[in-house]
Amino acid sequence: MKSMDGAMRPAQMSMGKAAGRGGSLHKLAAVTQIKWLCISRNTMIMIGPLIVIGMVYACKILYGVRSEGTLVPFLTGMLLNIGISMNICAEGFIMVGTSIAEEKENHTLRALMTSSITGVQYFFGSILIPFVMLMAVNYIVLFISGISLEIVPWIPFFLVSAVASLTSCVLGMIVGICAKNQMNANLISYPFLMVFMMIPVFGNLSEGLHKISGFLFTGVMTGMTERLANGERYVMSALDMAVLFGELAVSILVFLILYKRNGYEKD
Amino acid sequence: MEQNVLLSLSHVSKRFKTELALKDINMTLRQGEILGFLGPSGAGKTTTIKIITGQLRQTSGEARLLGTDSANIDESIYENIGVVSDSSGIYKKMTVWQNLAVFARIWKVPRERVEQVLDQVGLAEHKNKPAGKLSKGQTQRLVLARAVLHKPRVLFLDEPTSGLDPTTAVAIHRMLLELKEQGMAIFLTTHNMEEATKLCDRVALLHDGEIVEFGSPQEICLKYNRNKKYHVLLAGGRELELAQNPENIVKITRWMEGDEIMRIHSCEPTLETVFLEVTGKDLNV
Ligand SMILES: Nc1ncnc2c1ncn2[C@@H]1O[C@H](COP(=O)(O)OP(=O)(O)OP(=O)(O)O)[C@@H](O)[C@H]1O
Ligand SMILES: [Mg+2]
């Protein structure tokens, strides 16, 4: 059978073969471009970061006026808390999850999978843009919240923010793998949202929730910003570390199990 | 095995739970050939394509595509084949151009090739339109354009013209014949017998997961041309259908000599009538 690949093939037919050789970064780039084109045209998704940023900014101004420019730490903490939880959860799950669901709905996922895109390329191509957007919004929210920037521990902030954003993206992939269409994706997202977004947000109000919040990756993130808002130093604890990386590992594991079973789409 | 065989199936069967969807399928596809898989709904056409392209696993038998057993196919095979099926979607929010451009990136296809393909399918003037705004026929042409963008060696088409107007269908037929001229092997499924007769070098008639007849459309039709018949229109408007027998031959000769025949056709079977005959659903009995 080896001869079949041989000289009989006309020269102009070798275009596809050539594409196979030069690494596969261009394929990752192509998926990323597709995701960017889809996400940037989806107003439902694009409006999210703007709402988060706008809300934090508006609150700061409104409350700032009454207290002559400086917010009480509790409010700053609350603002950051809501902004960042909303950003990481709502945006992360929904951006990644619905964009995969949209591809299933329109049968473009099958088109991609029969165009030589691998599962790994699709995975990273799908989360790259959302990840960058989540990170960007985390920083923007931090800057506009009015927190004193001298006490921000930049490396831990980056680390916590990156791991939390990544976990959120992986959860979004899980939503996407389970969802049949966009409606379905939203429905599947709700339980995740309730847990990962609402608990840290209401953690400020109830001691019990606050405790639970410490065991969630979003809670670690908001716990950190809360400290910063209070003007305290943040040092990453072993628990924070375990929660962050543990939950990332669990999400990746769940994703892999689901992926191994049916791929992105059940036939 | 012949050198230019790109695809071969031997004894391929597929069972879905209890239902046997494909039974002992054997066939080959060569370079520059169009092979038609014909059959009614549920015959197993789509299932066959899915098995060959590695989207579904056969229960038994062997399918080899471009020298690779379909069980060992990985994504790289798609750099050399193109697939159009009813589940090949387009990005509706992107423009026609972007829809092709992103796939051009995947396959490292130059920009000029995208222009060329757009011209070929007649969508050049719509290239800046959101793909979601295209009509059904235009969408189908876009999907086809994408499938041939990287000049695949084998093209799989699952009912490429179903639900299209005759003009679009003819345009697609013309394009397929051009691609074949360039050496592409095309595997298409259809339940349109006319389309198959016109396009295919060889056809397989599939019925309940079994190939009941295989060969060129002409061969198949002539094979079933057992009772030769002629359709005659005589001067004066009388129409007759005459079987070939000594008595009728004399009759026709006499009419010919008297220049009484306005029109005469041989009534050989079409793929359609053959199909009805071999599947035992002969409606003309
Ligand atoms: N995933 C599946 N699970 C169970 N049965 C299936 C599956 N896919 C196909 N079948 C069955 O296999 C048979 C062949 O289906 P297939 O889709 O190949 O038909 P087809 O020839 O493409 O028909 P059509 O012309 O309607 O597209 C059908 O009876 C169908 O119900
Ligand atoms: Mg079918």
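Residues numbered from 1 in each chain as written. Chains lettered and ligands numbered in written order. Predicted model: local features only at pLDDT ≥ 70, side-chain atom pairs only at ≥ 80, totals over all residues. Heavy atoms only, no water.

This paragraph deals with the overall build of chain B. Per the secondary structure count, chain B includes 9 helices and 13 strands. Along the first, second and third principal axes, the C-alpha set of chain B runs to 70 × 45 × 35 Å. Counting over 285 residues, chain B shows a buried share of 52%. Across chain B, the centroid of the 36 positively charged side chains sits 7 Å from that of the 36 negatively charged ones. (Helix = DSSP H or I, 4+ residues; strand = E, 2+ residues; numbered from the N terminus. Buried < 20%, exposed > 50% of the residue type's maximum accessible area, 1.4 Å probe, protein only. Lys, Arg positive; Asp, Glu negative; His and termini not counted. Charge placed at Lys NZ, Arg CZ, Asp CG, Glu CD.)

A word on the packing of helix 7 (residues 154–178) of chain A against helix 8 (residues 182–202) of chain A. All names here are of chain A. Between helix 7 and helix 8, the least distance of the axes is 8 Å, while the angle of their chain directions is 145°. Viewed along their axes, helix 7 and helix 8 form a crossing whose handedness is right-handed. On the side of helix 7, the interface is formed by Leu171, Val175 and Cys178, while helix 8 contributes Asn184, Ala185, Ile188, Ser189, Phe192 and Phe196. Of the residues assigned to the contact of helix 7 with helix 8, the class counts are 7 nonpolar, 2 polar and no charged. (Axes fitted to C-alpha atoms, helices over the stretch in contact; angles between N-to-C directions. Left-handed = near helix turned anticlockwise from the far one by under 90°. Contact = heavy atoms within 4.5 Å. Nonpolar A, V, L, I, M, F, W, Y, C, P; charged D, E, K, R; others polar.)

Strand-to-strand pairing in sheets goes through backbone hydrogen bonds, with the strands running parallel or antiparallel. Residues and elements named next belong to chain B. A sheet is described by the order of its strands in space; here 4 strands give the open sequence 2-1-4-5, paired in antiparallel fashion. Only two strands of the sheet have a single partner each, and these edge strands are strand 2 (19–30) and strand 5 (68–69). As judged from the 8 bridges shared by strand 1 (residues 5–16) and strand 2, these two strands associate in the antiparallel manner. Across the sheet, residue Phe16 finds its bridge partner in strand 2, namely Glu19. The sheet strands contacting helix 1 (residues 45–52) are strand 1, strand 2 and strand 4 (60–65), and the helix crosses strand 1 at an angle near 120°. (Pairing = 2+ DSSP bridges.)

Each assigned domain of chain B is listed here: domain 1 (5–222) and domain 2 (226–267). Distance from the C-alpha centre of domain 1 of chain B to the C-alpha centre of domain 2 of chain B: 43 Å. (Domains from an automatic or database assignment.)

Structural remark: α-helix, 3.6 residues per turn; residues separated by three or four positions point the same way. All names here are of chain B. Counting buried positions over the 8 residues of helix 1 gives 7, a clear majority of the element. Of the residues making up helix 1, those classed as buried are Lys45, Thr47, Thr48, Ile49, Lys50, Ile51 and Ile52. At the exit of helix 1 stands Gly54, carrying a positive phi of roughly 75°.

Overall, the coordinates contain 10 salt bridges over all chains when judged by the stated rule. One salt bridge connects Lys35 of chain A with Glu103 of chain A, and the closest N-O pair in it is separated by 2.8 Å. Taken as a pair, Lys35 of chain A in helix 2 (residues 25–40) and Glu103 of chain A in helix 4 (residues 73–105) lie far apart in primary sequence, 68 residues in all. Look at Lys35 of chain A and you get buried, because its relative accessible area is 1%. Of the residues examined, Glu103 of chain A reaches a relative accessible area of 2% and is grouped as buried. With its nearest N and O atoms 2.8 Å apart, the salt bridge here joins Lys93 of chain B to Glu102 of chain A. (Salt bridge = Lys/Arg side-chain N within 4 Å of Asp/Glu carboxyl O.)

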